[in-house]
Amino acid sequence: MLVLGIETSCDETSVAVIDGAGRVRSNVIASQVGAHAIYGGVVPEVAARAHLTNLPGTFERALGDAGAALEDVELVAATAGPGLIGALLVGFSVGKALAFARGVPLVPVNHLEGHLFSAYLRADGSPAREVVTPFHGLVVSGGHAELVRVEEGRVVPLARTRDDAPGEAFDKVARRAGLPYPGGPVIDRIAAGGDGARVKLPVGRVSDGTRDFSFSGLKTAMLREFARRGVDGSPLEPDRLPPELVDLFASFQRAVVSALVERVEQIHAEEGICRLALSGGVAANSELRATLARWGDERGVPVLLPERTLTTDNAAMIAWAGLLRFRREGPRDFAAAGARSRWPLGIE
Ligand code: KG4
Ligand code: ZN
């Protein structure tokens with residue numbers, strides 16, 4: 001069985017082909033980072049237009065790389081939300097049209113569910129790991145921070161961010177410092193050479209008794225630190241920062257990682273985590289990966305780290321989540337389904 005995946009929720013146009021065992025046969029990503037870099041963030045209208053331009057070529061290459069023809073595709077999985085509505089509409093409409101034209105089932109995929117199961121995929125073409133429930137998932141990206149429990153057939157949200165997502169915090173802090181976009185990978189690299197215990201920064205907590213995350217206080221604290229050090233947003237060369245700033249960025253990264261791991265620890269204490277799957281763009285972060293791996297080792301909890309190439313938005317994870325949903329639910333009529341900008345995890 002071959003599954004075609006389509007992802008256009010934000011600024012990557014991606015088409016992938018996987019087989020019934022979750023082997024990634026192709027996973028083509030056309031990134032728009034260059035188109036948005038001059039604005040320091042994703043511009044929705046620019047994204048939608050770029051998807052329209054990039055999708056046909058991405059689709060052809062994905063089939064070509066997989067050595068497959070459209071006739072071989074037996075299931076179409078397309079991201080239906082959450083994300084930028086104009087961007088989503090491009091990929092979801094194309095997915096619908098392909099499924100309709102070929103007479104094969106369509107599965108609308110929740111982008112976050114795509115991330116959630118991505119830790120089970122392998123990038124080297126071998127079959128996916130077996131998905132055993134229950135497991136806990138930590139999805140951390142440019143738009144989301146979600147800690148969930150995955151049970152057979154349902155996802156139970158446990159904590160989410162109240163304000164900025166962790167990736168958004170990385171991007172905003174980098175932008176205010178005059179560092180290149182996107183800020184996550186840049187700060188990750190800078191922080192590797194710094195002392196993360198140097199500057200005490202507030203780890204976000206919400207005071208209403210929920211387990212939700214908050215990252216806007218940390219961002220504000222960083223802006224204060226910038227002001228104190230005369231960092232005014234004029235372009236900075238990441239590889240030539242004064243040691244004091246290197247330590248500041250390392251401390252910022254440490255604070256984000258601590259906030260995430262602290263919450264994982266709390267959930268573990270409350271309900272016991274038997275397996276943890278990390279995912280999302282921020283799952284590429286070296287310190288987060290190392291800290292969670294250590295956390296799992298110390299507690300005897302297996303921690304699944306996604307392959308770095310599968311952490312950012314890609315269609316292989318959408319095809320995989322679509323296949324899992326199809327196997328759970330069987331064929332359904334999604335002719336009337338639409339794209340939705342808001343689609344929280346755990347909601348049908
Ligand atoms: O999952 P993703 O591709 O898109 C969303 O669904 O949001 O995540 C992109 C986010 C960006 O904010 C980017 O800065 C962040 O992931 N990111 C990182 C790293 N690589 C990407 N953040 C921290 N460390 C990294 N190494
Ligand atoms: Zn994403």
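Scroll up to find the structure this text is about.
Quick summary incoming for the structure in this document. (Residues numbered from 1 in each chain as written. Chains lettered and ligands numbered in written order. Predicted model: local features only at pLDDT ≥ 70, side-chain atom pairs only at ≥ 80, totals over all residues. Heavy atoms only, no water.)

**So, the packing of aromatic side chains**
Taken as a whole and assessed by the stated rule, the structure comprises five aromatic pairs. Ring geometry for Tyr120 versus Phe135: centroids 5.2 Å apart, planes at 65°, classification edge-to-face. Residue Tyr120 is located in the loop between α4 (111-118) and β6 (135-140), and its partner Phe135 is located in strand β6; the two are separated by 15 residues in the primary sequence. Between Phe213 and Phe215, the aromatic rings sit 6.1 Å apart at their centres with planes inclined by 20°, giving stacked as the arrangement. (Phe/Tyr/Trp six-rings, centres within 6.5 Å; stacked < 30°, edge-to-face > 60°. Helix = DSSP H or I, 4+ residues; strand = E, 2+ residues; numbered from the N terminus.)

**Quick notes on helix α9 (residues 286-299)**
Here α9 contains 14 residues, and its C-alpha end-to-end distance of 20 Å stays within 8% of the 20 Å for a straight helix at 1.5 Å per residue. Turning to α9, its buried residues number three or more, namely Glu287, Leu288, Arg289, Thr291, Leu292, Trp295 and Gly296. Buried residues belonging to α9 abut β6, α8 (243-271), β9 (276-279) and β10 (303-304). Backbone nitrogen of Glu287 and a side-chain oxygen of the N-cap are separated by 3.1 Å at the start of α9; the cap is Asn285. Taken from the residues just after α9, Gly300 is the one with a positive phi, measuring 70°. (Expected span 1.5 Å × (residues − 1). Buried < 20%, exposed > 50% of the residue type's maximum accessible area, 1.4 Å probe, protein only. Contact = heavy atoms within 4.5 Å. Polar contact = N/O pair within 3.5 Å; in protein donor to acceptor, adjacent residues only side chain to side chain.)

**Let's talk about the site of ligand 1**
The local shell around ligand 1 holds 19 residues, among which Gly142, Asp171, Asp188, Gly281 and Asn285 are the closest. A distance of 2.8 Å separates an oxygen atom of ligand 1 from a polar backbone atom of Gly142. The separation between a nitrogen atom of ligand 1 and a polar side-chain atom of Asn285 is 3.0 Å. Expressed as a share of its isolated accessible area of 550 Å², the protein-covered part of ligand 1 is 89%. According to the grid-proximity analysis, the pocket containing ligand 1 is the largest pocket. Secondary structure elements with two or more residues in the shell around ligand 1: α4, α5 (166-177) and α6 (183-191). (Near = heavy atom within 4 Å. Areas by Shrake-Rupley, 256 points an atom, 1.4 Å probe, with all protein chains shown as cover. 1 Å grid on protein atoms, 1.4 Å probe; cavity = no way out; pocket = protein on both sides within 12 Å on 5 of 7 lines; lining within 4 Å. Sits in = over half its atoms within 2 Å of the grid points.)

**Concerning the sheet that holds strand β8 (residues 154-160)**
An order of β8-β7-β6-β9-β10 is seen for the five strands of this open sheet, with the pairing classed as mixed. Either end of the sheet is taken by a strand with one partner, and the two such strands are β8 and β10. Here β6 pairs with β9 via four bridges, running parallel. Following the sheet pairing, His136 is matched in β9 by Leu276. (Pairing = 2+ DSSP bridges.)

**Details of the nonpolar core**
Grouped together as the largest cluster of nonpolar side chains are 49 residues, with contacts concentrated most on Leu138, Phe249, Phe252, Leu288 and Leu292. When residues no more than four places from it in sequence are discounted, the contact partners of Leu288 are Val140, Val257, Leu260, Val261, Leu278 and Val282. Within the second largest apolar cluster, 34 residues are counted, among which are Ile18, Leu116, Tyr120 and Ala316. (Core = buried A, V, L, I, M, F, W, Y, C linked by side-chain atoms within 4.5 Å.)

**A short note on the coordination of the zinc ion (ligand 2)**
Looking at the zinc ion (ligand 2), the protein donor atoms are His111 (NE2), His115 (NE2) and Asp313 (OD), and they sit 2.1 Å from it. With relative accessibility at 0%, the residue His115 sits in the buried group. (Donors = N, O, S within 2.8 Å, 3.2 Å for Na, K, Ca; no water.)

**Here we look at unusual backbone geometry**
The omega angle of the peptide bond from Gly81 to Pro82 is -15°, so this bond is cis rather than trans. Considering the arrangement of structural elements, one finds Pro82 in the loop between β4 (73-81) and α3 (85-102). For the peptide bond that leads from Thr133 to Pro134, omega is 0°, which places it in the cis range. Inspection of the secondary structure puts Pro134 in the loop between α4 and β6.

**Let's talk about the sheet that holds strand β1 (residues 2-7)**
A sheet is described by the order of its strands in space; here five strands give the open sequence β3-β2-β1-β4-β5, paired in mixed fashion. Each edge of the open sheet is held by one strand with a lone partner, namely β3 (24-31) and β5 (106-110). On average, each strand axis in the sheet is tilted by 20° relative to the strand beside it, whichever way the strands run. Bridging between β4 and β5 involves five bridges; their strand directions are parallel. By the bridge assignment, Val76 is partnered in β5 with Leu106. The strands touched by helix α2 (residues 44-66) are β1, β2 (12-19), β3 and β4; relative to β2, the strand with the most contacts, the crossing angle is about 25°. Each of β1, β4 and β5 is contacted by α4, which is oriented at about 80° to β5, the strand it contacts most. (Axes fitted to C-alpha atoms, helices over the stretch in contact; angles between N-to-C directions.)

**Overview of the layout of surface pockets**
Of the volumes computed, that of the largest pocket is approximately 1200 Å³. For the largest pocket, the lining is made up of 47 residues, of which Cys10, Ser141, Gly142, Gly143 and Asp171 are closest to its centre. Taken together, the elements giving at least two residues each to the lining of the largest pocket come down to β3, α4, α5 and α6. The element contributing the most residues to the lining of the largest pocket is α5, with six residues. Of the residues in the lining of the largest pocket, the class split is 16 nonpolar, 19 polar and twelve charged. By volume, the second largest pocket amounts to about 500 Å³. What lines the second largest pocket is a set of 27 residues, and nearest its centre among them are Glu113, Phe117, Gly153, Arg154 and Arg328. (Points joined across faces, edges and corners; volume = space filled by probe spheres on them. Nonpolar A, V, L, I, M, F, W, Y, C, P; charged D, E, K, R; others polar.)

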